[in-house]
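Listed here are the chains, written in short residue letters.
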Amino acid sequence: MLLVLLLGVAMLYGTQGSAQKVKPRILVSSDIGGTDPDDFQSMIHLLMYADQFQIEGLVSSPYGAGTKEDFTDIIALYEKDLPQLRKHTTDFPDADSLRALCKQGATSAASFKGFGKATEGSNWIIRSAQREVDQPLWILVWGGLEDVAQALHDAPDIKKRIKVYWIGGPNKKWSVNAYAYIAENHADLWMIEANATYRGWFLDSDSPKYLTNERFYEKYIQEKGAMGRAFRQYYGGILKMGDTPSLVYLLNGNPNKPAGESWGGSFTPIGRSSRRVFERHTTKTDTVAAYDVLEWHFKGPKLDIEQDSSCFIFEISGQKWPGYYLGEGIYGVRYASKRPEVCTYRTSSSIVELNGLTGQFVSITPWPGTSSPDDYCVGRHWYGDRKDRELFINEQQGAMTVAKHRRSFLMDWAKRWAWLKP
């Protein structure tokens, strides 16, 4: 019995007597290859730290034209650098095992109801979450929530096995219907909703010159290895990587305590996710919070078409969004502003009553906004950006909780780039 106990201690603490960190289980859902190249940078960063995690899935999710092949393109670069990385630790996974984890998720945004049909990606989320292991599966969402929403719809029991860190903000705008479905139907989900905190990764006005977004590549990456040479293809090597805070959240601090200190930010339980439903046109006198779910209902003719059919266009800030038939002559559309701004909208449709409608609204910070009967009541494990004014960077709520650690996480990464030095 004593021998068994001693062996257990040795496995936990190792030969040097220091506790060995249990590697977090992670699944990444990304819009890599979509509208923003920053996910390519984040994917390179992930692979350079792949020895620190149990990677269980790489799901290509909206928004944009990306596919799972965008993952495999970066894995091919990693494969070239793998011998050099393994000189420092043999814990880096082989490239073929990573390729097998690449799954195709939804290729378009969810309709008004917030879910659609199962995908290879959503099924893989379910399969990974249902594994009988002690650790939770951390789902790091770098894009839309469509595949997470689909997985929760198809297998709601996975909620007790997963923890989600979602980079919201612009992704909330693109993925507002999937978000609305989750907030309304799965409010007990363990969720970090980072709408602005993540921006502390690349807001560098207080950084020394050698750590600015423009200089980091020149000083520390310098085309080291295949991944380093490719890095310059994205933003010219200028750091963006807005999704990476979800990963480094698990590298530093206690991830089970979102209110604590972490490279990936500090968060607060929100209790409610603010939402406004308008049965009328809005004007500049209507003030909402940035990142609110905004929903307009318009009256029109009763049509013999299926509910959830797209039948009008809602154009706002130069971008077009589909509006849907909700039944009984009611038509609806959702939107989420990604920043404080004044917005003007206009509708277009072959349906006369829905053509040429206009309106405005004003969004401000902080979020969640003023309490409304329309709010989603979320559980005690739903966290959002800190509202303390001293933690803002300009208009970006909570961003200082990441930016304050900028030197630590970038210099740690710089050490790994040195591993790829010829």
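As the structure is a computational prediction, the values presented were derived from the model and not from experiment. (Residues numbered from 1 in each chain as written. Predicted model: local features only at pLDDT ≥ 70, side-chain atom pairs only at ≥ 80, totals over all residues. Heavy atoms only, no water.)

Brief notes about the sheet that holds strand S15 (residues 341-348)
Taken together, the eight strands give an open sheet; going across it, the order is S9-S11-S14-S13-S12-S15-S16-S10, and neighbouring strands pair in mixed fashion. The open sheet has two edge strands, strand S9 (275-278) and strand S10 (287-289), and neither has a second partner. Within this sheet the neighbouring strands show an average axis-to-axis angle of 30°, counted without direction. Where strand S12 (residues 310-316) lies against S15, four bridges are found, and the strand directions are antiparallel. The partner of Glu315 across the bridge, within S15, is Arg346. Its contacts with the sheet put helix H8 (residues 176-185) on strand S11 (293-299), strand S13 (319-327) and strand S14 (330-335), and the angle it makes with S14 is roughly 95°. (Pairing = 2+ DSSP bridges. Helix = DSSP H or I, 4+ residues; strand = E, 2+ residues; numbered from the N terminus. Axes fitted to C-alpha atoms, helices over the stretch in contact; angles between N-to-C directions. Contact = heavy atoms within 4.5 Å.)

Thoughts on the environment of Arg229
Along the chain, Arg229 turns up in helix H10 (residues 225-231). Through-space distance from the C-alpha of Arg229 to that of Val28 is 24 Å; in sequence the pair is 201 residues apart. Residues within four places of Arg229 in sequence aside, it is in contact with Tyr217, Glu223 and Lys224.

Re the environment of Thr72
Summarising the element assignment, Thr72 is placed in helix H3 (residues 69-85). Take Thr72: its relative accessible area is 23%, and that puts it in the partly exposed class. With 27 residues separating them in the primary sequence, Thr72 and Arg99 have C-alpha atoms 6.1 Å apart. Those residues in contact with Thr72, other than ones at most four positions away along the chain, are Arg99 and Cys102. Within the structure, Thr72 has its side chain in polar contact with the backbone oxygen of Glu69 (distance 2.9 Å). (Buried < 20%, exposed > 50% of the residue type's maximum accessible area, 1.4 Å probe, protein only. Polar contact = N/O pair within 3.5 Å; in protein donor to acceptor, adjacent residues only side chain to side chain.)

What about unusual backbone geometry?
Note the cis peptide between Pro62 and Tyr63, where omega equals 25°. With respect to the helices, strands and loops of the structure, Tyr63 is situated in the loop between strand S2 (54-60) and H3. Cis geometry is found at the peptide bond from Thr365 to Pro366, where omega equals 5°. Following the sequence through the fold, Pro366 ends up in the loop between strand S16 (358-364) and strand S17 (376-377). If you check the backbone angles, Ser317 has positive phi at about 50° while not being a glycine. With respect to the element layout, Ser317 can be found in the loop between S12 and S13. Looking at Ser317, the relative accessible area reads 45%, which means it is partly exposed.

Details of the confidence of the model for the protein
Averaged over the protein, the pLDDT score is 94; the fraction of residues at 70 or greater is 95%. Contacts of residues 1-19 to residues separated by more than four positions or lying in other chains number nine contacts, the stretch itself having pLDDT below 50. (pLDDT = per-residue confidence, 0-100.)

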